[in-house]
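Summary of the model geometry
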Amino acid sequence: VLEGVAAPATVRKMVGTTNPEEALPGTIRGDYSHQSFAYKNPKSVMNVIHASGDEEEASLEIALWFKPEELFEYKTVHEAYTL
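Below: a short report on this structure.

Thresholds, definitions, all that
Residues numbered from 1 in each chain as written. Predicted model: local features only at pLDDT ≥ 70, side-chain atom pairs only at ≥ 80, totals over all residues. Heavy atoms only, no water. Phe/Tyr/Trp six-rings, centres within 6.5 Å; stacked < 30°, edge-to-face > 60°. Buried < 20%, exposed > 50% of the residue type's maximum accessible area, 1.4 Å probe, protein only. Helix = DSSP H or I, 4+ residues; strand = E, 2+ residues; numbered from the N terminus. Arc of directions from axis to C-beta. Contact = heavy atoms within 4.5 Å. Patch = residues over 30% accessible without salt bridge, like charges linked within 9 Å, V, L, I, M, F, W, Y side chains within 5 Å. Areas by Shrake-Rupley, 256 points an atom, 1.4 Å probe, with all protein chains shown as cover. Salt bridge = Lys/Arg side-chain N within 4 Å of Asp/Glu carboxyl O. Lys, Arg positive; Asp, Glu negative; His and termini not counted. Charge placed at Lys NZ, Arg CZ, Asp CG, Glu CD. Polar contact = N/O pair within 3.5 Å; in protein donor to acceptor, adjacent residues only side chain to side chain.

**What about the packing of aromatic side chains?**
Following the criterion strictly, the structure yields one aromatic pair and no others. Taken together, a centroid distance of 6.2 Å and an interplanar angle of 40° make the contact between phenylalanine 72 and tyrosine 74 tilted. Grouping residues by exposure puts phenylalanine 72 and tyrosine 74 together as exposed.

**Concerning unusual backbone geometry**
Here the phi dihedral of alanine 6 falls at roughly 55°; this positive angle occurs in a residue that is not glycine. Relative to the helices and strands, alanine 6 is located in the segment before α1 (7–15). For alanine 6, a relative accessible area of 41% gives the class partly exposed.

**Brief notes about α1**
Taken together, the buried positions of α1 are Ala7, Pro8, Val11 and Val15. Along the axis of α1, the buried positions cluster into a sector of 95°, meaning they face one direction only. The inward-facing, buried residues of α1 contact α2 (28–32) and α3 (55–65). Downstream of α1 by one or two residues, glycine 16 has phi in the positive range, about 100°.

**Details of a negative patch on the surface**
A cluster of like negative charges, contributed by Asp54, Glu55, Glu56 and Glu57, occupies part of the molecular surface. You can see aspartate 54 is positioned in the loop between α2 and α3. Looking at aspartate 54, the relative accessible area reads 40%, which means it is partly exposed.

**Points about the side chain of glutamate 61**
Note that glutamate 61 resides in helix α3. Nearest to the buried, unbridged glutamate 61 among oppositely charged side chains is arginine 12, at 7.6 Å. Looking at glutamate 61, its side chain comes within polar contact range of the side chain of histidine 50, at 2.8 Å. Once residues within four sequence positions are removed from consideration, glutamate 61 is found in contact with His50 and Ser52.

In structure tokens form, the structure reads like this:
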């Protein structure tokens, strides 16, 4: 779980498009995914990573997949040493 300014949009850029064969090189799906929507099978395309679409969706999914004790907060170096 990541947080920050525009976190869902930023993470989605790093992850790449949902369709792995359209994901750009340098994204997680572009570099590590090998499946395509062109496969003719009953399974859906399995992505190597998930990214929520927006903050509301992220809140629901975080509550679904993580226990509160599995999440933690910390100060970045910048926050810890800002006067």
